[in-house]
Amino acid sequence: MANSFLPTSTKQFCNELLDLHKALRLKIANLQKETPKSHLLLLLLFFTLGFALRFNHLFQPIRYDEALTYVYYAAKPISYGLSNYFNPNNHPLNTLCIHLSTALFGNHEWAIRLPSFVVGNLLVLAVYLFGRSTCSSSVGLLACGLTASSSCLIGYSCNGRGYLFVCLFTVLAAIFAKGLQQSVKKPTLARSLPIILCGALGAWSIPTMALPFAGLMLWLLCFRQERKELIFVGLLTTLAVGLLYLPIFLHSGLSALTSNPFVVAQKGDFLSSLKNGAQKLFSLWHRDQPLPFVLLLLISFFFAHKKFQKINIFYFILLTSLAFTFFRRVFPYLRVWSYLLPFYHLTCACGLLALIRKITDRTDGLNTNHTTLAGAPKPPSDVTLITICAFCLPLFFFVFTSTSIEDSEETGLFKSAAQVATIIKESVFKEDRVLAWRPADMPLLYYMLKKRKSAHYLLSDVSASAKVEEQLREMKRGGRLMIVVKKPGQKLADVLAGTNFPKEKFSPLHPLKDIAGAKLYGAICLKTSRPKPADASRR
């Protein structure tokens, strides 16, 4: 196995890398020659519209998850961010990119989201290349339009998290895996290196990259004879991931990665939970798409399932993801499944163009012979291009006129955080404190720090120094307490219950201010709690 997979010398390894580089350059050159101008113009139109929609949402108020990532990881020295994992919000590669972006451009919401924004736009092009290499240029173009106009993916492109890193590296790994599957040459370390790098970097973004990567390896094992070499690829990828996570293993321990406190096995009817999760995921994937479009995509998806199930990577990735779900008896967060969405778009594009070909009795819309980028597929007809354009352009319009992205509560939303932080800066001093609860606390903390207001004024459930209840009891007499209640979605009773609020220590709560998106309450500390008596055994 090692003799056929590993190079015998450094020179051989470098020569194989040079051959790989030349092959990629040749494919790109052929791609430019084969693609007609009308096709390129439509591709450029889809990319530009997707870029504009993502840019339009780049400056929205900070959200809970990305605020936590920046405040507790990316804003600190990079050695800290890449070695601490006390909270699964730390996506190391994304943390590194945010650290560099904010160091270069300053502490701005758009700078925190810039890495995800860039990756989200690159994903559109990657989906096009994968669709073209897997089926045809028409399929690649339609899948590109669906990805560029996806409300779900646009939202993740404007959120400083690592989920789109996993999407991009999964699609790139699928492109290289497809090339490896079609190659007449045996897999070697040099030829498999792109897949190893994509798998390792994707897992360094979020450990859940293991799910789509396992699906890709399973697909390769089914369609290649050199299974020992492919197993070696998986082992080397695992080794690379271990090296990237070594600082976290040494500082935070292996359990920090393997035991996510937010992923708990479902108690009771798991199948019911699975059904509800699948329904929510379907709604998220088709958000801002009118019912006729959704029905047509569903018909296309099942038609593609009938025609292309033996070559579609989607089903292998779905299989490994569902196996994990049933093994852990938990339906992961909806955003964790985002790596499947580009492959879903590709499957729908295959089916839709096959339907169009069947209806119009044309043969230029879909190439079922697995045309590669180096091949010379027949360019799509004007009818096909017009159909693709007519289907995708309305989707961009529907997303543009919708407010679902900025109103999404998926990763924690508190639109009034900056305004409340200004009020806090002007009215909270010395012994005063502010009480806030998820999802209001982290956006509030971010804007307080940005306005140079110390974090010790804020009492929240992510405080590292002590529990909120203890902090409330330690307040001194005469100190003022401001309670922030997010609206809609929160009630004063919810905030008080979450903190075991000691009512006997404070004056009756009274409204302070009512603004758009938040209501502020106030109270005065009536007495200073006595310090706990020393343990008798220590006297």
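Our subject is the structure listed above.
Everything in this summary refers to the structure shown in the same document. Here the structure is a predicted model, which means the values were calculated and not measured.

**Regarding a nonpolar patch on the surface**
Part 1: On the surface, Leu239, Leu243, Leu246 and Leu250 cluster together into a nonpolar patch covering about 440 Å² of accessible area.
Part 2: Every element with two or more residues in the nonpolar patch is listed here: α13 (227-244) and α14 (246-252).
Part 3: With respect to the element layout, leucine 243 can be found in helix α13.

**Let's talk about the pattern of salt bridges**
Part 1: Inspection of every chain in the model, using the stated rule, returns 9 salt bridges.
Part 2: Between aspartate 65 and arginine 335 there is a salt bridge, with the nearest N and O atoms lying 3.5 Å from each other. Taken together, the positions of aspartate 65 in helix α4 (residues 64-74) and arginine 335 in the loop between α18 (313-328) and α19 (341-360) put the pair 270 residues apart, joining distant regions of the chain.
Part 3: Using a relative accessible area of 8% as the deciding quantity, one classes arginine 335 as buried.
Part 4: Of the charged contacts, one joins lysine 450 and glutamate 109 as a salt bridge, the two residues approaching to 3.3 Å between their closest N and O atoms.

**Concerning the packing of helix α7 (residues 109-134) against helix α8 (residues 137-148)**
Part 1: Axis separation between α7 and α8 bottoms out at 7 Å; the angle between their running directions is 155°. One element, α7, and the other, α8, form an angle in the roughly antiparallel class. In this structure, the crossing between α7 and α8 has a hand that is right-handed. Residues Leu123, Val124, Val127, Tyr128, Gly131 and Arg132 of α7 touch α8, and the partners they reach there are Ser137, Val139, Gly140, Leu141, Ala143, Cys144, Thr147 and Ala148.
Part 2: Looking at the contact of α7 with α8 residue by residue, the class counts come to 9 nonpolar, 4 polar and 1 charged.

Conventions adopted
- Residues numbered from 1 in each chain as written.
- Predicted model: local features only at pLDDT ≥ 70, side-chain atom pairs only at ≥ 80, totals over all residues.
- Heavy atoms only, no water.
- Patch = residues over 30% accessible without salt bridge, like charges linked within 9 Å, V, L, I, M, F, W, Y side chains within 5 Å.
- Areas by Shrake-Rupley, 256 points an atom, 1.4 Å probe, with all protein chains shown as cover.
- Salt bridge = Lys/Arg side-chain N within 4 Å of Asp/Glu carboxyl O.
- Helix = DSSP H or I, 4+ residues; strand = E, 2+ residues; numbered from the N terminus.
- Buried < 20%, exposed > 50% of the residue type's maximum accessible area, 1.4 Å probe, protein only.
- Axes fitted to C-alpha atoms, helices over the stretch in contact; angles between N-to-C directions.
- Parallel < 35°, antiparallel > 145°, perpendicular 65-115°, else oblique.
- Left-handed = near helix turned anticlockwise from the far one by under 90°.
- Contact = heavy atoms within 4.5 Å.
- Nonpolar A, V, L, I, M, F, W, Y, C, P; charged D, E, K, R; others polar.

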